[in-house]
Amino acid sequence: PWYAGYFIAFLGMSAISVMNLVTAVIVEQSIAAALKESAEERQVETMLVTRMLAQVEVLITKADVNESGDITKHELLAAYRDFPDVRRLVDGFCSIEEMMDLFEIFDDDGSGTLTLAELREGFAGYRTDPTRCMLQHFIRHFHSFERELWQFVKDTTSTASKEAQDT
């Protein structure tokens with residue numbers, strides 16, 4: 001009779017052990033499938049970025065009217081207006097208004113022009129991590145605003161001290 005208690009406890013523990021093993025197998029297969037899917041998504045993303053960067057070179061070539069090796073906003077707008085394939089490329093990525101915003105974001109040196117390297121890096125960075133790309137843009141603009149603000153404070157302070165000395 002007391003063996004029956006051990007037997008029932010053994011059956012309960014065995015059932016729990018088998019359920020744990022089944023759960024472990026299911027979880028392991030789910031993780032493997034998720035990793036495979038993630039790797040496939042990265043591969044597709046890499047293909048898209050590569051194809052897009054090739055199209056970006058076409059965009060630069062067509063938009064660069066003065067053949068300087070970089071494009072201005074004016075050249076980009078003219079290419080968008082005049083060349084249907086440039087329009088398709090831009091419209092496939094974003095609206096022309098968003099492209100003008102991205103132009104400023106991608107313009108790392110603030111020159112008002114985009115080189116092929118800036119455009120490539122910008123598209124690749126924006127495609128993979130748009131938040132980081134925009135954050136870098138805002139940080140650059142914040143620093144420039146900060147410098148302008150300090151210059152304004154200096155100018156105002158020096159003007160006020162000159163006026164105080166004159167009176």
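> Sorry if this is basic, but what is going on with the overall build of the chain here?
The secondary structure content of the chain amounts to six helices and two strands. Mapped from its N terminus to its C terminus, the chain presents α and β elements in the order α-β-α-α-α-β-α-α. Here the chain holds 167 residues, and the buried ones make up 21% of them. Split by element, the accessible area of the chain, about 12200 Å² in all, is 63% carbon and sulfur.

> I'm lost on the environment of Asp-85 in this one. Help?
Examined against the element boundaries, Asp-85 turns out to sit in helix 3 (residues 84-93). Assessed through its relative accessible area of 27%, Asp-85 is described here as partly exposed. Those residues in contact with Asp-85 that sit more than four places away from it in its chain are Val-58 and Lys-62.

> Would you take a moment to explain the environment of Thr-115 for this structure?
Mapped onto the elements, Thr-115 comes out in strand 2 (residues 113-115). Aside from chain neighbours lying at most four places away, what touches Thr-115 is Ile-60, Gly-69 and Asp-70.

> Can you walk me through the pattern of salt bridges in this structure?
Pairing between side chains of opposite charge can happen when their charged atoms approach one another. The tally for this structure, following the rule as stated, stands at one salt bridge. Notably, a salt bridge pairs Asp-82 with Arg-81, separated by 3.2 Å at the nearest N-O pair. We classify Arg-81 as exposed; its relative accessible area is 55%.

> So what exactly am I meant to see when it comes to the side chain of Asp-70 here?
Looking at the element boundaries, Asp-70 is found in strand 1 (residues 70-72). In terms of polar contacts, Asp-70 uses its side chain to reach the side chain of Ser-68, at 2.5 Å. At 3.4 Å, the side chain of Asp-70 and the side chain of Thr-113 are in polar contact. When residues no more than four places from it in sequence are discounted, the contact partners of Asp-70 are Asp-64, Glu-75, Thr-113, Leu-114 and Thr-115.

> Help me understand the nonpolar core in this model?
Nonpolar side chains in soluble globular proteins generally cluster together in the buried interior. Judged by nonpolar contacts, the single largest core of 20 residues is most densely connected at Leu-59, Ile-71, Leu-76, Val-90 and Leu-119. Listed by contribution, the elements that provide at least two residues to this core are helix 1 (2-63), helix 2 (73-82), helix 3 and helix 4 (96-106). Sorting elements by how many residues they give to this core places helix 4 first, with seven residues. If sequence neighbours within four positions are ignored, Leu-76 has contacts with Leu-59, Ala-63, Ile-71, Met-99, Met-100 and Phe-103.

> Would you mind showing me how to read the confidence of the model for the chain here?
Per-chain confidence: the chain averages 78 in pLDDT, with 82% of residues scoring 70 or above. In the model of the chain, helix 6 (residues 130-166) stands out as the element of lowest mean pLDDT, 68, in contrast to helix 1, which has the highest, 85.

> Even after reading the chapter, I still don't get a nonpolar patch on the surface, so can you show me in this structure?
On the surface, a cluster of nonpolar side chains totalling about 460 Å² of accessible area is made up of Phe-7, Ile-8, Phe-10 and Leu-11. Tracing the chain through its elements places Leu-11 in helix 1.

> Which parts of the structure should I look at to understand unusual backbone geometry?
In terms of backbone geometry, most residues other than glycine have negative phi values and most peptide bonds are trans. Positive phi, normally seen in glycine, also occurs at Glu-67, with a value near 55°. Within the secondary structure, Glu-67 sits in the loop between helix 1 and strand 1.

Cut-offs applied
Residues numbered from 1 in each chain as written. Predicted model: local features only at pLDDT ≥ 70, side-chain atom pairs only at ≥ 80, totals over all residues. Heavy atoms only, no water. Helix = DSSP H or I, 4+ residues; strand = E, 2+ residues; numbered from the N terminus. Buried < 20%, exposed > 50% of the residue type's maximum accessible area, 1.4 Å probe, protein only. Areas by Shrake-Rupley, 256 points an atom, 1.4 Å probe, with all protein chains shown as cover. Contact = heavy atoms within 4.5 Å. Salt bridge = Lys/Arg side-chain N within 4 Å of Asp/Glu carboxyl O. Polar contact = N/O pair within 3.5 Å; in protein donor to acceptor, adjacent residues only side chain to side chain. Core = buried A, V, L, I, M, F, W, Y, C linked by side-chain atoms within 4.5 Å. pLDDT = per-residue confidence, 0-100. Patch = residues over 30% accessible without salt bridge, like charges linked within 9 Å, V, L, I, M, F, W, Y side chains within 5 Å.

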